[in-house]
Amino acid sequence: MKYISTRGGAAPQNFSDILLGGLASDGGLYLPETYPQVSAAELAAWRELPYAGLALRILEKFIDDIPGDTLKDLVERAYTAHTFRHTRPGCDAADITPLTTLEPGLQETRRAAPSVSLPPRGEAERGEVCGGGLYLLELSNGPTLAFKDMAMQLLGNLFEHVLSVRGETINILGATSGDTGSAAEYAMRGKHGVRVFMLSPHGLMSAFQRAQMYSLQEPNIFNIAIEGMFDDCQDIVKAVSNDAAFKAQYKIGAVNSINWARVLAQIVYYFKGYFAATRSNDERVSFAVPSGNFGNICAGHIAHQMGLPIHRLVLATNENDVLDEFFRTGVYRPRGASDTWVTSSPSMDISKASNFERFVFDLVGRDAAVVRELWAKVDTGGSFDLNDTPYISRLADFRFVSGKSTHADRLATIRAVWQQHRLMIDTHTADALKVAREQREAGIPMIVLETAQPVKFAETIQEALGCDPQRPADFDGIEKLPQQVAVMKADVQAVKDFIVSHCT
Ligand SMILES: *Cc1c(COP(=O)(O)O)cnc(C)c1O
């Protein structure tokens, strides 16, 4: 399996060659040359597999330069019931991503109903969308309580393996507004050959998120709080990475959301969720995905391309609706940082979706010249419009629909789920659930991806429910632990100096 760039100007690479890097040399993103297909026999055989077993089957189709036994070991060590601790009664610990039923499907409530009249779309009463239940797929039972752990835990093992085979080391430099940084740090802690330098905006993360990151006492993890916004952190990372000499000398690497292995690892739970919500492979399901950088739903798109019977991919945004706008109008109009709203689902506060180029590459029939032309506009602050191109009519084949949600919607959704099910959901999951309800169709199970636990966003839970979110026992008193963080001005040189002084 070779990997090619969406802009067509980089030599095809092996998996291990692109694992540690970010962008391709021509500025594009890597994708597999072709998407491996899943046969009906494979789909049938995979249905009963535990998470790690399923992950191995899927990863084997994309990775051919790591020996099978080694890959098996890396995967099994990533997806253990010790690392992903769900407490869902009736679910196997090895499930890793348990499915919670919000509203049962018809076959679960009224088995073998002879004939049912289908309620019109969007108007069905609770529990009465025929045949199609409403589910939450829990992706947030990892060490940092957000779905980023699903990919990052595997990435840590893959990095350590490839670096040790090559006798290399890497210094990961990243910027985070919360979830990515902690997921990367918990995945890379104690890993040989890896140091992490993580920039975060000083004083802007929640107390819980700060405690998660800054209380880590690991010799290979360095937290840097920048006196500025998330965008300032991002700009510093870009400036350092653009200094080719510095980057080469200090072996600067990235784990941001364009990393191919992160997208790859996320494909697995679409299969897992499908099997959990269906009884036979003749059924189709829809997935609702709270989206920011398009990494999560990009994995769903690839699962669909591999042959997973997906009916619709429901993309949900918050007030930062650049992706919703595209799927409704065919116009992709990235906003400037100053036009990005700070919302109560902060991990979706993006104005430019960094993985979107991967989808557009497929949409335009994998014509790299077209992608180059479109991104020549995007990269210079412009937009593009696919109306009046042949691509707009192909959009339907990819099964995307979209919607958006506001702060008031989040509060209402969190309240309704609490009142109806005694279940607390986080703000990002609430965005997806709101749009999922609008997009449900008769007979099709709808699986909402649950991307974080409410404890990470306590302020909004307080606002919605008037009480504090539930907190997993391991996190009791985490805010009181000693914290280690270097605070500095938004200054590229200061960050470089810090890296240099901690690399010896
Ligand atoms: C990162 C994140 C998202 C957005 O995922 P993308 O892959 O960027 O689209 C949604 N919810 C939570 C909780 C996240 O951490």
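Residues numbered from 1 in each chain as written. Predicted model: local features only at pLDDT ≥ 70, side-chain atom pairs only at ≥ 80, totals over all residues. Heavy atoms only, no water.

### Concerning the overall build of the protein chain
Next up, step 1: The helix and strand inventory of the protein chain stands at 20 helices and 15 strands.
Next up, step 2: A globule of 504 residues ought to have a C-alpha radius of gyration of about 23 Å, and the protein chain, at 22 Å, matches this closely.
Next up, step 3: Expressed along its principal axes, the backbone C-alpha trace of the protein chain runs to roughly 70 × 50 × 50 Å.
Next up, step 4: Residue burial in the protein chain is summarised as follows: out of 504 residues, 57% are buried.
Next up, step 5: Across the protein chain, every contact between residues at least 6 apart in sequence was considered, and the portion connecting residues at least 24 apart equals 76%.
Next up, step 6: If the 49 positive side-chain charges of the protein chain are averaged to one point and the 60 negative ones to another, these points end up 1 Å apart. (Helix = DSSP H or I, 4+ residues; strand = E, 2+ residues; numbered from the N terminus. Rg over C-alpha atoms; globule rule 2.2 N^0.38 Å. Buried < 20%, exposed > 50% of the residue type's maximum accessible area, 1.4 Å probe, protein only. Contact = heavy atoms within 4.5 Å. Lys, Arg positive; Asp, Glu negative; His and termini not counted. Charge placed at Lys NZ, Arg CZ, Asp CG, Glu CD.)

### Observations regarding the site of the ligand
Next up, step 1: Around the ligand, the structure places 15 residues, and the nearest of them are Lys148, Asp179, Gly292, Asn293 and Asn296.
Next up, step 2: Lys148 is positioned with one of its side-chain polar atoms (N or O) 2.6 Å from an oxygen atom of the ligand.
Next up, step 3: Starting from 390 Å² of accessible surface for the ligand in isolation, the protein chains cover 96%.
Next up, step 4: Grouping the amino acids of the shell around the ligand by side-chain chemistry returns five nonpolar, eight polar and two charged. (Near = heavy atom within 4 Å. Polar contact = N/O pair within 3.5 Å; in protein donor to acceptor, adjacent residues only side chain to side chain. Areas by Shrake-Rupley, 256 points an atom, 1.4 Å probe, with all protein chains shown as cover. Nonpolar A, V, L, I, M, F, W, Y, C, P; charged D, E, K, R; others polar.)

### Considering helix 8 (residues 207-214)
Next up, step 1: A large share of helix 8 lies buried, amounting to six of its eight residues.
Next up, step 2: Listed in full, the buried residues belonging to helix 8 are Phe208, Gln209, Ala211, Gln212, Met213 and Tyr214.
Next up, step 3: Buried residues along helix 8 sit against helix 7 (179-188), strand 6 (194-201) and strand 7 (221-227).

### Points about the nonpolar core
Most often, soluble globular proteins have nonpolar side chains that are buried together.
Next up, step 1: Among the nonpolar cores identified, the biggest contains 115 residues, and Tyr79, Phe271, Phe294, Phe356 and Phe359 are the most heavily contacted of them.
Next up, step 2: A per-element tally of this core places helix 11 (residues 260-277) first, with 13 residues. (Core = buried A, V, L, I, M, F, W, Y, C linked by side-chain atoms within 4.5 Å.)

### A closer look at the environment of Arg410
Next up, step 1: Examined against the element boundaries, Arg410 turns out to sit in helix 17 (residues 407-421).
Next up, step 2: In this view, Arg410 contacts Asn318, Glu319, Thr343, Ser344, Ser345, Ser405, Thr427, Ala430 and Asp431; residues no more than four positions away in its chain are not counted.

### Details of the sheet that holds strand 9 (residues 285-290)
Next up, step 1: Read from one edge of the open sheet, six strands run 3-4-14-9-10-13, paired in mixed fashion. Each edge of the open sheet carries a strand with a single partner, namely strand 3 (99-103) and strand 13 (400-404). Within this sheet the neighbouring strands show an average axis-to-axis angle of 25°, counted without direction.
Next up, step 2: With four bridges connecting them, strand 3 and strand 4 (residues 134-138) associate as antiparallel partners. Bridge pairing in strand 4 links Thr101 to Tyr135. (Pairing = 2+ DSSP bridges. Axes fitted to C-alpha atoms, helices over the stretch in contact; angles between N-to-C directions.)

### So, the packing of helix 11 against helix 12 (residues 295-306)
Next up, step 1: Orientation of helix 11 relative to helix 12, taken along the N-to-C sense of each, is 65°, at an axis distance of 8 Å. You can see that helix 11 and helix 12 cross each other, and the crossing is right-handed. Along its contact with helix 11, which presents Trp260, Val263, Gln266, Ile267, Tyr269, Tyr270 and Phe271, the element helix 12 presents Gly295, Asn296, Ile297, Cys298, Ala299, Gly300, Ile302, Ala303 and Met306. (Left-handed = near helix turned anticlockwise from the far one by under 90°.)

### Topic: a nonpolar patch on the surface
Next up, step 1: Taken together, the side chains of Leu204, Met229 and Val342 define a hydrophobic patch exposed on the protein surface, amounting to about 330 Å² of accessible area.
Next up, step 2: In this fold, Leu204 is placed in the loop between strand 6 and helix 8. (Patch = residues over 30% accessible without salt bridge, like charges linked within 9 Å, V, L, I, M, F, W, Y side chains within 5 Å. Salt bridge = Lys/Arg side-chain N within 4 Å of Asp/Glu carboxyl O.)

### Remarks on the pattern of salt bridges
Next up, step 1: Under the defined criterion, the tally for this structure stands at 27 salt bridges.
Next up, step 2: The partner of Lys61 in a salt bridge is Glu42, and the shortest N-O contact between them spans 3.0 Å. Placement of the pair is Lys61 in the loop between helix 3 (51-60) and helix 4 (68-78) and Glu42 in helix 2 (residues 40-46), with a sequence separation of 19 residues.
Next up, step 3: Taking the relative accessible area as the measure of exposure, Glu42 reaches 25% and is therefore partly exposed.
Next up, step 4: Across the salt bridge formed by Lys272 and Asp95, the nearest N and O atoms sit 3.9 Å from each other. Here Lys272, found in helix 11, pairs with Asp95, found in the loop between helix 4 and strand 3; they are 177 residues apart in sequence, far enough to count as distant.
Next up, step 5: Of the residues examined, Lys272 reaches a relative accessible area of 12% and is grouped as buried.
Next up, step 6: Via salt bridges that share partners, Asp321, Glu325, Arg333, Arg335 and Lys404 belong to a single interconnected network.

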